[in-house]
Amino acid sequence: MSIQKIVEQALQDGYLTPAMEAEVGRICNTASELSIEEYMALDRLMGSLLTGEVVVLPRKQFINVMEELVLSAAIARVAEIEATSDQTLDVGDIAAYALNRLPPLYATTEEGANFQRNKAKEELDELIGKQVEEAIGRYLDRPEFYPERQVLGKTSGSETLSQVSSLLEAYAPRFETSGN
């Protein structure tokens, strides 16, 4: 979506959502130069934000306490295993496997997070340990399939361009890359 369309939508609705705000930021960060129309739209948005014609919707802040509990357990066990063997384990893979088998514990305040931590330590500590152990066992027994898989968030721009180019070659073999 363009900056102009986002601003039009915000003016029509009377609010700017976090997604709209993020998209404007992404466009501004990736564009080498903004057009006059884009600058005018941003100026119009800024003016409407200052007058209150458009309000920014707050982002809902929340955490899944289970993530920190599982990560702590996984890091401790992985450190023990790696210290006593020549195995190298991926904490992210292990935590994701365990988290997929445990209930989420969301909180929106520090008090809520502390409540969830205490509840988990009383009621779920053993289950968390069991799931982390199972995840480690599965990780160690897994076949080495898809060695080319890529970790989330670790691709560079040139790697992404290469992936898109490969997809085009696979799905559009007669696609011409020349400007004719």
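Structure first, text after, so check above.
Since this is a predicted model, take the numbers as computed values, not measurements.

Basis of the calculations
Residues numbered from 1 in each chain as written. Predicted model: local features only at pLDDT ≥ 70, side-chain atom pairs only at ≥ 80, totals over all residues. Heavy atoms only, no water. Phe/Tyr/Trp six-rings, centres within 6.5 Å; stacked < 30°, edge-to-face > 60°. Lys NZ or Arg CZ within 6 Å of the ring centre and 35° of its normal. Helix = DSSP H or I, 4+ residues; strand = E, 2+ residues; numbered from the N terminus. Expected span 1.5 Å × (residues − 1). Buried < 20%, exposed > 50% of the residue type's maximum accessible area, 1.4 Å probe, protein only. Arc of directions from axis to C-beta. Patch = residues over 30% accessible without salt bridge, like charges linked within 9 Å, V, L, I, M, F, W, Y side chains within 5 Å. Areas by Shrake-Rupley, 256 points an atom, 1.4 Å probe, with all protein chains shown as cover. Salt bridge = Lys/Arg side-chain N within 4 Å of Asp/Glu carboxyl O. Core = buried A, V, L, I, M, F, W, Y, C linked by side-chain atoms within 4.5 Å. Contact = heavy atoms within 4.5 Å. Polar contact = N/O pair within 3.5 Å; in protein donor to acceptor, adjacent residues only side chain to side chain. Axes fitted to C-alpha atoms, helices over the stretch in contact; angles between N-to-C directions. Parallel < 35°, antiparallel > 145°, perpendicular 65-115°, else oblique. Left-handed = near helix turned anticlockwise from the far one by under 90°. Nonpolar A, V, L, I, M, F, W, Y, C, P; charged D, E, K, R; others polar.

A. Spotlight on the packing of aromatic side chains. Tallied over the entire structure, the rule returns one aromatic pair. The cationic tip of arginine 101 hangs over the ring face of tyrosine 97; the distance from NZ or CZ to the ring centre is 3.5 Å.

B. Representation of helix 6 (residues 110-123) in the model. In this model helix 6 runs 20 Å from its N-terminal to its C-terminal C-alpha over 14 residues, within 8% of the 20 Å that 1.5 Å per residue would give. The complete set of buried residues in helix 6 reads Ala113, Gln116, Arg117 and Ala120. Each buried residue of helix 6 lies within a common arc of 100° when the element is viewed along its axis, so the set occupies one face. Counted as exposed and oriented over 90 degrees from the buried face of helix 6: Glu111, Phe115, Glu122 and Glu123.

C. Highlighting a nonpolar patch on the surface. Together, Tyr15, Val55 and Leu57 give the surface a local cluster of nonpolar side chains, amounting to about 230 Å² of exposed area. For leucine 57, the position within the fold is in the loop between strand 2 (55-56) and strand 3 (63-64). Exposure remark for leucine 57: the relative accessible area of 34% places this residue in the partly exposed category.

D. Here's a closer look at the nonpolar core. One finds Met66, Val70, Leu89, Ile94, Ile128 and Val132 to be the most contacted residues of the largest nonpolar core, which totals 23 residues. Contributions of two or more residues to this core are made by helix 4 (65-84), helix 5 (91-99), helix 6 and helix 7 (125-141). Other than its neighbours up to four places away in sequence, isoleucine 94 contacts Ala74, Val78, Leu89, Val132, Ala135, Ile136 and Tyr139. Membership of the second largest hydrophobic core comes to 13 residues, among which are Ile3, Ile6, Leu16 and Leu34.

E. Focus on the environment of valine 70. With respect to the helices, strands and loops of the structure, valine 70 is situated in helix 4. Given a relative accessible area of 0%, valine 70 falls into the buried group. Between the alpha carbons of valine 70 and valine 91 there is a distance of 10.0 Å; along the sequence they are 21 residues apart. Every residue in contact with valine 70, bar those within four places of it in the chain, is listed here: Ala95, Ala98, Leu99, Leu102, Ile128 and Val132.

F. Representation of the environment of serine 85 in the model. Position of serine 85 relative to the elements: it lies in the loop between helix 4 and helix 5. Among the polar contacts listed, one links the side chain of serine 85 to the backbone oxygen of isoleucine 81, at a separation of 2.7 Å.

G. Fine view of helix 1 (residues 3-13). Of the positions making up helix 1, those classed as buried are Ile3, Ile6, Val7, Ala10 and Leu11. What you see down the axis of helix 1 is that its buried residues fit within an arc of 130°, all on one side. Turned more than 90 degrees away from the buried face of helix 1 sit Lys5 and Gln12, all of them exposed. Buried residues belonging to helix 1 abut strand 1 (15-16), helix 2 (18-30) and helix 3 (36-51). Just past helix 1, the residue glycine 14 takes up positive phi, approximately 90°.

H. Representation of the packing of helix 1 against helix 3. Viewed as axis vectors pointing N to C, helix 1 and helix 3 meet at an angle of 25°, and their least axial separation amounts to 9 Å. Overall, the two elements helix 1 and helix 3 adopt an arrangement that is roughly parallel. Crossing of helix 1 against helix 3: the hand is left-handed. Across the interface between the two elements, Ile3, Gln4, Val7, Ala10 and Leu11 from helix 1 touch Glu37, Glu38, Ala41, Leu42, Arg44, Leu45 and Ser48 from helix 3. Residue composition of the contact of helix 1 with helix 3, grouped by class: seven nonpolar, two polar and three charged.

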